[in-house]
Amino acid sequence: MAHLFEMHSLSASYGSFTVLEDVNFIVNESDFIGVIGPNGGGKTTLLKLILGLLKPSEGTIIFNNDVLNGNRIGYLPQLSTGDVNYPVTVTDIVLSGLMIQKGIISRMTSSDKMKASKVIDELGLKDLAGATINELSGGQMQRVFLGRAIIGDPKLLLLDEPGNFVDATFENDFYEKLKELNNRMAILMVSHDVGTISSHIKSFACVNKNLHYHPSHEITNDDLLSYGCPIQLITHGEVPHTVLKYHTK
Amino acid sequence: METNIFQYGFIVKGLLGAIFASITAGLAGTYVVSKRMVFLSGGITHASFGGIGIGYFFGFNPVVGAAVFGIISALGVEYLSVRQKIREDSAIGILWAFGMAIGIIFIYLTPGYTPNLMSYLFGSILTVTNADLIALGIMSLILILYFGIFYRTILYISFDEVFARTYSSYVNIFKYITTSLIALTIVLNIRMAGVVLVISLLTIPPNIAMLFTKVYFKIVVWSVLAGFVGTATGYAISYFAGIPVGATIIFTLVIIWVLAKGLSQLILKISKVRNIAII
């Protein structure tokens, strides 16, 4: 399995304030990793490092050539980054995902536009292709920005707090869509909302200045015994639960 | 006979002025209005008055002084708000008045009579020189090429800067170039509409366009058309009625906006009635 990128003893800081320290982290091709941790713990900083928006203060990050060639990273930022009253159409926003592979003098060809309409169809936005962004609901906007992130066929998809978009009806579909996308790209999903993180996530990374990686979210009996006493989670209903191991460091 | 030639030249001048003003103001104005930079643009306009005063005092073309002041203040606002952590609207407020103050001081210090001062404040087609028209024509060409070639890059940076930074390292350069071009557009249009009124030349046409479309490119096209109708009509009215051209143009544009607003409401009502009829 090919590594998409490797972080070695990576640290990051804003001025004298260290946000991440000695992070070692490897992401593989078919990973679906939930990045969890408290606010201010460094989750978004981790994404910024991967996107190259922030230079590490120490350590290195090595990308696989496949990821670097053509900048194959898709990014779904938190909703607040775009101006939702800007006069721009759904199709234009989705097309902007191709700018990664195009230069500053970019003409969108008819095959680009075909690609955009295919992605728009796929995300169930067909009737809204010509609509401007302020005509959409929160959930529809999320899909548009997801479209922008995946139109370039990235190898790695970064999602920053997708749970922030409030549209309960689409939430399930959204995670189903991610599961499907995970067949062709690795996904790194940041969330502070641990309670409702998707069950499709295969592994977890806890970020709070340090990064602890949990390869699998299944807890075995042995794990339970290691707590030193029999433990039990009490819950109603059939909600699936994930119990992560204690951080060893 | 002489009067005819004079009138002919006057009409050509006015027509060319209207065409170039509406192209530059339409392109720059759509960017300004979409990005909500109207207050910043107002600040640039008034700050450039400082350059006009210095131009008078040292005896060079005041438009050149205004252009330098306009660009410096546009980039200065960016510098003060981003690097020095001063609130952007406060930074604009400071530079706005500072430019006006410099202008007033230097005009006061300029010995003797200051010709055409009123034309800089309120605009006048009579004092527009051929050089002014050529400058505005070149500016139209530059803006058409700039927005034509870099359309998507400019659109996407302006819509979502954070995302644009993930794929382009040119975000800041484009922001500075665009802001500088807008400052230049404003300064060159000061000859038409004056320091006090020019900001409306940029803001009213896109607002007329936005009543009918919400797509950036179409807003530009309709802004230029609305701007041309308003500027040419205002110019004609001012010529026949003998009233100041800048004020007449702005007045005409506002009337067009009000009529367009009414029309868009009417269209909305008719389409609703039609929908009900179909149901």
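Residues numbered from 1 in each chain as written. Chains lettered and ligands numbered in written order. Predicted model: local features only at pLDDT ≥ 70, side-chain atom pairs only at ≥ 80, totals over all residues.

Draft legend 1. Fine view of the overall build of chain B. Tallying secondary structure elements over chain B gives 13 helices and 0 strands in all. The linear arrangement of helices and strands in chain B, starting from the amino end, is α-α-α-α-α-α-α-α-α-α-α-α-α. Relative to the globule expectation of 19 Å for 279 residues, the C-alpha radius of gyration of chain B, 20 Å, shows essentially globular dimensions. The buried share among the 279 residues of chain B stands at 48%. (Helix = DSSP H or I, 4+ residues; strand = E, 2+ residues; numbered from the N terminus. Rg over C-alpha atoms; globule rule 2.2 N^0.38 Å. Buried ≥ 20, exposed ≤ 12 C-beta atoms within 10 Å, placed from the backbone.)

Draft legend 2. Focus on the confidence of the model for chain A. All names here are of chain A. For chain A, mean pLDDT is 80; residues scoring 70 or higher make up 77% of the total. At the low end of the mean pLDDT range in chain A sits helix α7 (residues 221-225), at 45; at the high end sits helix α3 (residues 90-95), at 94. With pLDDT under 50 throughout, residues 219-237 is counted as low confidence; its partners more than four residues away or in other chains account for 7 contacts. (pLDDT = per-residue confidence, 0-100. Contact = placed C-beta atoms within 7 Å.)

Draft legend 3. The arrangement of the interface of chain B and chain A in detail. Contact with chain B, which involves 20 residues of that partner, is made by 19 residues of chain A. For the side of chain B that touches chain A, the per-class residue count stands at 12 nonpolar, 4 polar and 4 charged. (Nonpolar A, V, L, I, M, F, W, Y, C, P; charged D, E, K, R; others polar.)

Draft legend 4. View of the nonpolar core. In this structure, V35(A), V94(A), L156(A), L158(A), L188(A), A28(B) and V187(B) are the most contacted members of the largest nonpolar core, which totals 139 residues. Of all the elements, helix α10 (residues 171-193) of chain B adds the most residues to this core, at 11 residues. When residues are assigned to domains, this core turns out to be shared by domain 1 (1-72 + 154-249) and domain 2 (82-152) of chain A, each giving three or more. Excluding anything up to four places from it in sequence, L188(A) contacts V27(A), I33(A), V35(A), L156(A) and L158(A). (Core = buried A, V, L, I, M, F, W, Y, C linked by C-beta atoms within 7 Å. Domains from an automatic or database assignment.)

Draft legend 5. Geometry of helix α1 (residues 43-51) of chain A. Most of α1(A) is tucked away, with 7 of its 9 residues classed as buried. Two residues or fewer after α1(A) comes G52(A), characterised by a positive phi angle close to 80°.

Draft legend 6. How the structure looks around the environment of I36(A). Tracing the backbone shows I36(A) in strand β3 (residues 32-36). Residues I36(A) and E171(A), 135 residues apart in the sequence, show an inter-C-alpha distance of 18 Å.

Draft legend 7. How the structure looks around the environment of L259(B). Residue and element names in this part refer to chain B. Following the sequence through the fold, L259 ends up in helix α13 (residues 245-278). Judged by the 11 C-beta atoms lying within 10 Å of it, L259 falls in the exposed class. Considering only alpha carbons, one finds L259 and I208, 51 residues apart in sequence, at a separation of 9.4 Å.

Draft legend 8. Focus on unusual backbone geometry. Here K209(A), not a glycine, exhibits a phi torsion of approximately 70°, which is positive. Looking at the secondary structure, you find K209(A) in the loop between β8 (203-208) and β9 (210-214). On the basis of neighbour counts, which here come to 17 C-beta atoms within 10 Å, the residue K209(A) falls in the partly exposed class. One non-glycine residue, R36(B), lies in positive phi territory at about 55°. Overall, R36(B) belongs to the exposed group, with 11 C-beta atoms counted inside 10 Å.

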